[in-house]
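As a plain string of letters, each chain reads:
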Amino acid sequence: MGLVKPDQPEFDLDEWRALAPTERLRLMCVTWATQGFGAPDVVYVLYLVKLAFYVGGFLLFAAFSDSLGGPTSIAQWWSRPAAFQKAIIWTMLYEVLGLGCGSGPLTGHYGPMFPAVRHWLRPGTIRLPPFRWVPLTAGHRRTRLDAVVYAALLASCTWALVSNEVGRGPVIAILCSLAVIGLRDKTVFLAARSEHYAMTAFVFLFPATELWPGAKTIQLLLWVGAGVSKLTPHFTSVMAIMQSNSPVHRFPALRRKLWRHYPTDLRPSRRAASWAHGAAFLEFAFPLTLAFTTGGTAHTVALTVMVVFHLGILTSIPMGVPLEWNVMFIYSGLVLFGAHGDVRFWSMSEPLLIAAILALVAVGPVLGNLRPDKVSFLPAMRYYAGNWAPSIWLFAPGALERIDDCVTKAAPLHRTQLEGTIEPGTYDVTMARGQAFRSMHLHGRALATLLPRAHADLGNLDAFELLDGEMIAGLVLGWNFGDGHLHDESLLAALQAECGWAPGDVRCLFVESQPIHRPTMDWRIVDAATGELDRGTLSVRELAHLQPWGEPTPAGA
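As the structure is a prediction and not an experimental result, all values here were calculated from the model.

## A closer look at the packing of helix 3 (residues 41-62) against helix 5 (residues 81-96)
With their axes 10 Å apart at the nearest point, helix 3 and helix 5 run at an angle of 135 degrees to one another. Classified by the angle their axes make, helix 3 and helix 5 are oblique. Viewed along their axes, helix 3 and helix 5 form a crossing whose handedness is right-handed. Residue-level contacts link Lys50, Phe53, Tyr54, Gly57, Phe58, Phe61 and Ala62 of helix 3 to Ala83, Lys86, Ala87, Trp90, Thr91 and Tyr94 of helix 5.

## Concerning the packing of helix 5 against helix 16 (residues 323-339)
Between helix 5 and helix 16, the shortest axis-to-axis distance is 11 Å and the interhelical angle comes to 165 degrees. One finds that helix 5 runs roughly antiparallel with respect to helix 16. In terms of crossing hand, the pair formed by helix 5 and helix 16 is left-handed. Contacts between helix 5 and helix 16 involve Ala83, Phe84, Ala87, Ile88, Thr91, Tyr94 and Glu95 on the former and, on the latter, Glu324, Trp325, Met328, Tyr331, Ser332, Val335 and Leu336. By residue class, the composition of the contact of helix 5 with helix 16 is 10 nonpolar, two polar and two charged.

## Re the packing of aromatic side chains
In total, this model carries 34 aromatic pairs according to the counting rule given. Aromatic rings pair up to connect Trp223, Phe286, Phe309, Trp325, Phe329, Phe337 and Tyr383 into one cluster. The ring centre of Trp325 lies 4.8 Å from the NZ or CZ of Arg193, which sits over that ring. The ring of Phe235 carries Lys230 above its face, with NZ or CZ at 5.3 Å from the centroid.

## What to know about the nonpolar core
Judged by nonpolar contacts, the single largest core of 152 residues is most densely connected at Phe84, Leu106, Trp393, Phe395, Ile403, Leu495 and Trp501. Ranked by the residues each element gives to this core, the list is headed by helix 5, at 11 residues. Setting aside its immediate chain neighbours within four residues, Leu106 contacts Phe37, Ala39, Val43, Tyr44, Tyr47, Ile317, Met319 and Val321.

## So, the environment of Leu394
Topologically, Leu394 is positioned in strand 3 (residues 391-395). Residues Leu394 and Ile525, spaced 131 residues apart in sequence, show a C-alpha to C-alpha distance of 11 Å. When neighbours within four sequence positions are excluded, Leu394 is seen to be in contact with Leu451, His455, Leu461, Phe464, Glu465, Leu466, Asp505, Val506 and Arg507.

## Focus on the sheet that holds strand 3
Strands belonging to one sheet form pairs held by backbone hydrogen bonds; the direction of such a pair is parallel or antiparallel. Strand order in the open sheet formed by five strands is 4-3-5-6-7, with antiparallel pairing between adjacent strands. Here the strands that pair on one side only, and so sit at the sheet edges, are strand 4 (465-468) and strand 7 (531-539). Recorded for the sheet is a direction-independent mean angle of 15 degrees between the axes of neighbouring strands. Where strand 3 meets strand 4, four bridges bridge the pair, whose relative direction is antiparallel. Across the sheet, the residue bridging to Trp393 is Leu467, located in strand 4. The sheet strands contacting helix 20 (residues 427-440) are strand 3 and strand 4, and the helix crosses strand 4 at an angle near 50 degrees.

## A closer look at the pattern of salt bridges
Taken as a whole, this structure holds 23 salt bridges when the rule is applied. A salt bridge links Asp534 to Arg453; the shortest N-O distance between them is 3.2 Å. With Asp534 in strand 7 and Arg453 in helix 21 (residues 442-454), this residue pair connects regions lying 81 residues apart in the sequence. Between Arg518 and Asp522 there is a salt bridge, with the nearest N and O atoms lying 3.2 Å from each other. Look at Asp522 and you get partly exposed, because its relative accessible area is 28%. What emerges from the salt-bridge pattern is a single network uniting Asp14, Arg17 and Asp428.

Rules used in this analysis
Residues numbered from 1 in each chain as written. Predicted model: local features only at pLDDT ≥ 70, side-chain atom pairs only at ≥ 80, totals over all residues. Heavy atoms only, no water. Axes fitted to C-alpha atoms, helices over the stretch in contact; angles between N-to-C directions. Helix = DSSP H or I, 4+ residues; strand = E, 2+ residues; numbered from the N terminus. Parallel < 35°, antiparallel > 145°, perpendicular 65-115°, else oblique. Left-handed = near helix turned anticlockwise from the far one by under 90°. Contact = heavy atoms within 4.5 Å. Nonpolar A, V, L, I, M, F, W, Y, C, P; charged D, E, K, R; others polar. Phe/Tyr/Trp six-rings, centres within 6.5 Å; stacked < 30°, edge-to-face > 60°. Lys NZ or Arg CZ within 6 Å of the ring centre and 35° of its normal. Core = buried A, V, L, I, M, F, W, Y, C linked by side-chain atoms within 4.5 Å. Buried < 20%, exposed > 50% of the residue type's maximum accessible area, 1.4 Å probe, protein only. Pairing = 2+ DSSP bridges. Salt bridge = Lys/Arg side-chain N within 4 Å of Asp/Glu carboxyl O.

Shown next, in the form of structure tokens:
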């Protein structure tokens, strides 16, 4: 990695551009295997500065509470109820401002790097209501009322943070405004990480005796839910991809060992598989140990493993950059299971709280794993497991520019964003690195396999500009974090209403996540103007034998 310039691929760019699309993708996947995204070091410094701002914000708002204090006395107050409550509310505010997950250049936001707050405060931008049947939520344009409700959410969080204690008033205001804006725009609801922070804030409404057992139960659900999501073949690829991009695990010789036979066979190696299986085991082992012990050696070891586990994710700087989320997990884990380890999670006594948590389990990880087409991977708690719903969008000449001309948004097209931030003429290289990242996953192999079918009636693929659905969602929704339901048919319909593309101008390939009880993934091919053209099912086992660029692995390899 360079300090201020990205790594250059180890091939001639002019020769690369003259190759067929499949060969271009193959070379970029080979490059990813040893370079990752190739971001300059200054990008990682930016994220470290952002982390420092996050920690500093917590210390600032803690100082508003008489029961807490400043940084010099943090050892006395860090685990008190007011500190924990303010940490939860501050992290929710931080996320719903668009400063946390899905922000900055590693998620396709180059300028502005944090467009979410500007987007959600601006009437006329695109919103995605989650349920068509809910009254007063129809339409796809943000109104002044939407902007006011979002501003009320920000103000409610700030009210709680500057209060001496986090009272019921601001918490009720937070949850009500989040519910209203969530029914009108699922993007904001997901960005707030509602399955974690809103649910924990709900616990604050109950008597103080419910705080620690309720918060513990939610944290255990998040850990175990994430562990369950890794019980599919997808996670092995995730481990190899994440470590290939890690600024810590940066030596090319070590990165090559993550693949079966670099550069010809870029399936995860046995080393990568063992790391993945070990991580999945730990994500069950330490939460269950913490859940059923209150002290002693086993408890201490589990706390230590928990800290190391999240530090491992944090220092890898994964592409979705859930950095503050992992810091919060370390802090809350130490508060709930360290300082208050003597409280049992099953000691809750409020029926409404128990019912709410059971509903979270039923609608989130249970339904979300059985019917991933119905539930976002975030409330389903399928965190960084690789089993996501991806999409790829094909734009005919001039079709992409219509988004800039017709759609109200907070940021210009990525080509414009990148002007002046990368070497001239290398926009296509940056986008190709993102395509390689996607293709290294099993669901990316599905995209590569189906891509010829998606454009079969449109002619030469080189005539089209290919963009990952994540890039489109981030551009026109203000935020993206791996959720394919933010760039599926609902977003395509909203954009079609604004842009009025002709048949063949925009063609999308959508792939749904794998249900936990089925070894298949469903897919659809949709034209923006004419609707669905084709659909079918792919075997995940067969995808595991393909190379990232969609070609079969030679027999015996």
